[in-house]
Amino acid sequence: MTTPSAQPPLALVTGGGRGIGKAIATRLAQDGFEVIVLDRDGAAAEACAADISTATVTSRAAAIDLGDREAVDALVARDRPLAALVNNAGIFDERAFFDLTADDFRRMYEINLVALFALSQAAAARMQPGAKIVNIASRAFLGARNHAHYVASKAAVVGFTRATAMELAPRGILVNAVAPGLIDTPLLAALTPERLKAQLALQPTGKAGRPQDIANAVAFLASPTMDFITGQTLLVDGGKSLGGGLGI
Ligand SMILES: NC(=O)c1ccc[n+]([C@@H]2O[C@H](COP(=O)([O-])OP(=O)(O)OC[C@H]3O[C@@H](n4cnc5c(N)ncnc54)[C@H](O)[C@@H]3O)[C@@H](O)[C@H]2O)c1
């Protein structure tokens, strides 16, 4: 008589269709997770899920906009509990302080924070002890010019991570954040060569990170063997957050 093999741990990665999210989904699949690749760009999510499926574990896509709470709740309710939730999807925008409106803040917060909260709450309600939540913040939470709404939303993610880590620890759920610095995604292509050079000069390592650098950190924090870190924000930024200049 054969016994049915255990199901692989289930992970959900938001914004998994491209960029950092795709690298995270790829790495988690390599680590043995079955991955649900959620993205509002359904074609990108499908392509990623097909790419990362292995001979033994089939990952799948969820074409959902995180603003659609009913669809998000239904997705989480119909599957087995998540072993790992990676809240990666986020929006970014550049606007000087005096050009910002209250609606710019609301739009930014709606995806970068409120949607992240709603999915975390729905998922955590069903999670088993040992489950992980990893939130993607940004090095920008420490401060940046011309992005007050983005910076504030990412600082809120850091605070939310710390608060939920305390409330979910008694359930055996660990919550951490990764704060990427400048990462080589389509975003960088939008910078002029001069601007890119100036940005890279601010980093001790002098180079942009790769999406895989973020995926490495997420894989560590989402790993079933990681059992004693919670509420932390890991800066993966080539040392930019160290500051610079003279020792005075
Ligand atoms: N790229 C960087 O240098 C950098 C630096 C710091 C932090 N980050 C953060 O990393 C995360 C990923 O960044 P990226 O550069 O890969 O972004 P990206 O724009 O390349 O990809 C984001 C993905 O999220 C999806 N998405 C966006 N809003 C969504 C929604 N409402 N519902 C469903 N899917 C949605 C998009 O379709 C896209 O596939 C973001 O939270 C971002 O703030 C990026």
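Remember, it's a predicted structure, so these values are computed and weren't measured experimentally.

Criteria and cut-off values
Residues numbered from 1 in each chain as written. Predicted model: local features only at pLDDT ≥ 70, side-chain atom pairs only at ≥ 80, totals over all residues. Helix = DSSP H or I, 4+ residues; strand = E, 2+ residues; numbered from the N terminus. Rg over C-alpha atoms; globule rule 2.2 N^0.38 Å. Contact = placed C-beta atoms within 7 Å. Axes fitted to C-alpha atoms, helices over the stretch in contact; angles between N-to-C directions. Parallel < 35°, antiparallel > 145°, perpendicular 65-115°, else oblique. Left-handed = near helix turned anticlockwise from the far one by under 90°. Nonpolar A, V, L, I, M, F, W, Y, C, P; charged D, E, K, R; others polar. Buried ≥ 20, exposed ≤ 12 C-beta atoms within 10 Å, placed from the backbone. Pairing = 2+ DSSP bridges. Expected span 1.5 Å × (residues − 1). Near = placed C-beta within 6 Å.

(A) The arrangement of the overall build of the chain in detail. From N to C terminus, the chain includes eight helices and seven strands. For 248 residues, the compact-globule estimate of 2.2 N^0.38 gives 18 Å, and the chain sits close to it at 18 Å. Each of the three principal axes of the chain carries a C-alpha extent, and together these read 70 × 40 × 35 Å. Sequence-distant contacts, at least 24 apart, represent 72% of the contacts inside the chain between residues at least 6 apart.

(B) Local environment of the packing of helix α4 (residues 102–124) against helix α5 (residues 148–168). Contact geometry for α4 and α5: axes closest at 9 Å, N-to-C directions at 20°. One element, α4, and the other, α5, form an angle in the roughly parallel class. For the crossing formed where α4 meets α5, the hand is right-handed. Residues Asp104, Phe105, Met108, Tyr109, Asn112, Leu113, Leu116, Phe117, Ser120 and Ala124 of α4 form the contact with α5, whose own contacting residues are His149, Tyr150, Ser153, Lys154, Ala156, Val157, Phe160, Thr164 and Leu168. Here the contact of α4 with α5 is built from residues that sort into 12 nonpolar, five polar and two charged.

(C) Spatial organisation of the pairing of strand β1 (residues 10–14). A large share of β1 lies buried, amounting to four of its five residues. Two elements, β1 and strand β2 (residues 34–39), share five bridges in a ladder whose sense is parallel. Along β2, the bridge assignment pairs Leu12 with Ile36.

(D) Molecular detail of helix α8 (residues 211–222). Spanning 12 residues, α8 covers 16 Å between terminal C-alpha atoms, matching the ideal 16 Å at 1.5 Å per step. For α8, the complete set of buried residues consists of Pro211, Ile214, Ala215, Ala217, Val218, Ala219, Leu221 and Ala222. Contacts made by the buried residues of α8 are with β1, α1 (19–30), β4 (84–87), β5 (132–136), β6 (174–180) and β7 (233–236).

(E) Here's a closer look at the site of the ligand. Surrounding the ligand, one finds 27 residues, the nearest of these being Gly15, Gly19, Ile20, Gly90 and Ser138. If you list the elements that add at least two residues to the shell around the ligand, you get α1 and α6 (186–189). The element best represented in the shell around the ligand is α1, accounting for three residues. Along the lines of polarity and charge, the residues of the shell around the ligand split into 13 nonpolar, nine polar and five charged.

(F) Expanded view of the sheet that holds strand β3 (residues 60–63). If you walk across this open sheet you meet the seven strands as β3-β2-β1-β4-β5-β6-β7, and the pairing is parallel. Edge positions in the open sheet fall to β3 and β7, since each of these has one partner strand only. With direction set aside, neighbouring strand axes in the sheet form an average angle of 20°. Here β4 runs beside β5; their pairing, made up of four bridges, is parallel. Bridge pairing in β5 links Ala84 to Lys132. Its contacts with the sheet put helix α2 (residues 42–52) on β2 and β3, and the angle it makes with β3 is roughly 170°. Contacts between α8 and the sheet are confined to β1, β4, β5, β6 and β7, with β6 contributing the most and set at about 170° to the helix.

(G) Broad picture of unusual backbone geometry. With a phi close to 65°, Asn146 is a non-glycine residue in the positive phi region. Summarising the element assignment, Asn146 is placed in the loop between β5 and α5.

(H) How the structure looks around the environment of Gln30. Here Gln30 shows up in helix α1. Since 12 C-beta atoms lie within 10 Å of it, Gln30 is described here as exposed. Sequence spacing of Gln30 and Ala219 is 189 residues, and the spatial spacing of their C-alpha atoms is 9.9 Å.

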